[in-house]
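# Breakdown of the fold
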Amino acid sequence: VSQSRYYPKIKPFINALHKEYDLPRSYIGISMLSAYSSAVGSAYHIKQNKLGTMYFPVWACLEGISSAGKSLVMNQVFRPLYQIQSELEEEWFTAIEGKNPGEIAMMKSKQLIYGDAHLPTLIKQVIPANPKGILQDADEILAWINGMNQLAKGGKEGTDEQFWMKSWDCKEHRKILGNNQIYVIKKPYLNVFGGAQPSIIHKLFKNDRDTTGFIYRPLS
């Protein structure tokens, strides 16, 4: 946000959010970073000799008490993305009119923002239909965390975190399916945005997520 002087067209918007809505600068900055990242997706990257190809996914968490402005800042900053998502949904509902469930199952659903999906659905349907990338609107970041590994059987720990960590690096995901079929996602680009109250932050570190480094990926 401190660099907004370089962008005169956006500066009045940033100032209004901070002064008129009394939103913390940190909320505004991280929200805009996430919004820009979600809009650009995998369409832009840089290459460095030592680090190789680098993409810019953003996992972000706004920490604050209830009514601190977490939802307000997201509604304001992400409004253009919400509008695009609404248009995509209108196109989808128009496209499926008159089609049977089997035909609908074969169609690809274009999305920019999605709310929730089990990992197999995310991998097999959502990501392939949206190769540029998507944003998970987690609302409460703990809902995203708690939603992982729900399909793990027998109380065993799942591997959802490992997939998400690979996606944070936009690293190729490969899986061997039945009949010796190989399934590959070239550049899984997934952003996550949500909020959390200070009293529950400790819950994000369960299941050794601090040791694996997983929980240090979200900006806060």
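A few points on the structure. (Residues numbered from 1 in each chain as written. Predicted model: local features only at pLDDT ≥ 70, side-chain atom pairs only at ≥ 80, totals over all residues. Heavy atoms only, no water.)

### Let's talk about the packing of helix H2 (residues 25-40) against helix H3 (residues 70-77)
The condition is simple: Axis angles are defined between N-to-C directions and span 0 to 180 degrees, where every axis is a line fitted to C-alpha atoms and, for a helix, only to the segment in contact. Going along the chain from the N terminus, every DSSP run of H or I of four or more residues is numbered as a helix, and every run of E of two or more is numbered as a strand. Each angle receives one of four descriptions, namely roughly parallel if under 35 degrees, roughly antiparallel if over 145, roughly perpendicular if within 65 to 115, and oblique otherwise. By definition, any crossing whose near helix is turned counterclockwise from its far helix by less than a right angle is left-handed, and any crossing with a clockwise turn is right-handed. Throughout, a contact is declared for two residues whenever any of their heavy atoms are within 4.5 Å.
Direction vectors running N to C along H2 and H3 enclose 40°, while the axes themselves pass 10 Å from each other. Taken together, the axis directions place H2 and H3 in an arrangement best described as oblique. The handedness of the crossing between H2 and H3 is right-handed. On H3, the residues that touch Tyr27, Ile28, Ser31, Met32 and Ala35 of H2 are Lys70, Val73 and Val77.

### A short note on the nonpolar core
Using the following cut-off: Here the nonpolar core consists of buried residues drawn from Ala, Val, Leu, Ile, Met, Phe, Trp, Tyr and Cys, with membership extended through side-chain atoms lying within 4.5 Å. Burial classes: relative accessible area under 20% of the type maximum marks a residue as buried, over 50% as exposed, and values in between as partly exposed (1.4 Å probe, protein chains only).
Counting residues in each nonpolar core, the largest one holds 28 residues, and the members touching the most others are Leu122, Ile141, Trp144, Trp164 and Phe214. Secondary-structure elements contributing two or more residues to this core are strand S3 (59-63), helix H6 (119-129), strand S5 (134-140), helix H7 (141-146), helix H8 (160-168), strand S7 (182-185) and strand S8 (190-196). In terms of residue count, the dominant contributor to this core is H6 (5 residues). When sequence neighbours within four positions are dropped, the list of residues in contact with Trp164 reads Trp59, Tyr114, Leu119, Leu122, Gln136, Trp144, Met148, Leu190, Val192 and Phe214. Ranked by size, the runner-up nonpolar core spans 21 residues in total, among them Ile14, Ile28, Val77 and Leu112.

### Topic: the environment of Gly52
For Gly52, the location among the structural elements is in strand S2 (residues 52-54). Those residues in contact with Gly52, other than ones at most four positions away along the chain, are Ile46 and Lys47.

### Points about a nonpolar patch on the surface
The criterion, for reference: Two joining distances apply to patches: 9 Å for like charges and 5 Å for nonpolar side chains (Val, Leu, Ile, Met, Phe, Trp, Tyr), and every residue must have over 30% relative accessible area and no salt bridge. In these tables, accessible area is a Shrake-Rupley quantity obtained with a 1.4 Å probe, and a residue counts as shielded only by the protein chains included in the view. We define a salt bridge as a contact between a side-chain nitrogen of Lys or Arg and a carboxyl oxygen of Asp or Glu at a distance within 4 Å.
Taken together, the side chains of Val40, Tyr44 and Phe56 define a hydrophobic patch exposed on the protein surface, amounting to about 280 Å² of accessible area. Checked against the element boundaries, Val40 lands in helix H2. Judged by relative accessible area, which is 36%, Val40 ranks as partly exposed.

### Overview of unusual backbone geometry
The backbone phi angle of Asn207 is positive, close to 55°, even though this residue is not glycine. For Asn207, the location among the structural elements is in the segment after S8. Look at Asn207 and you get exposed, because its relative accessible area is 51%. The backbone phi angle of Asp208 is positive, close to 60°, even though this residue is not glycine. Its location among the elements puts Asp208 in the segment after S8.

### Focus on the packing of H6 against H8
For clarity, the threshold we go by: Residues are sorted three ways: Asp, Glu, Lys and Arg are charged, Ala, Val, Leu, Ile, Met, Phe, Trp, Tyr, Cys and Pro are nonpolar, and all the rest, Gly among them, are polar.
Viewed as axis vectors pointing N to C, H6 and H8 meet at an angle of 35°, and their least axial separation amounts to 10 Å. Here H6 contributes Leu119, Leu122, Ile123 and Ile127 to the contact with H8, which in turn contributes Asp160, Phe163 and Trp164. Of the residues contributing to the contact of H6 with H8, the split by class is 6 nonpolar, no polar and 1 charged.

### Overview of helix H4 (residues 79-95)
Basically, it comes down to this: Take the number of residues in a helix, subtract one, and multiply by 1.5 Å to get its expected span.
For H4, with 17 residues, the first-to-last C-alpha span of 24 Å sits near the 24 Å given by 1.5 Å per residue. Where H4 is buried, its residues meet H2, helix H5 (101-105) and strand S4 (113-114).

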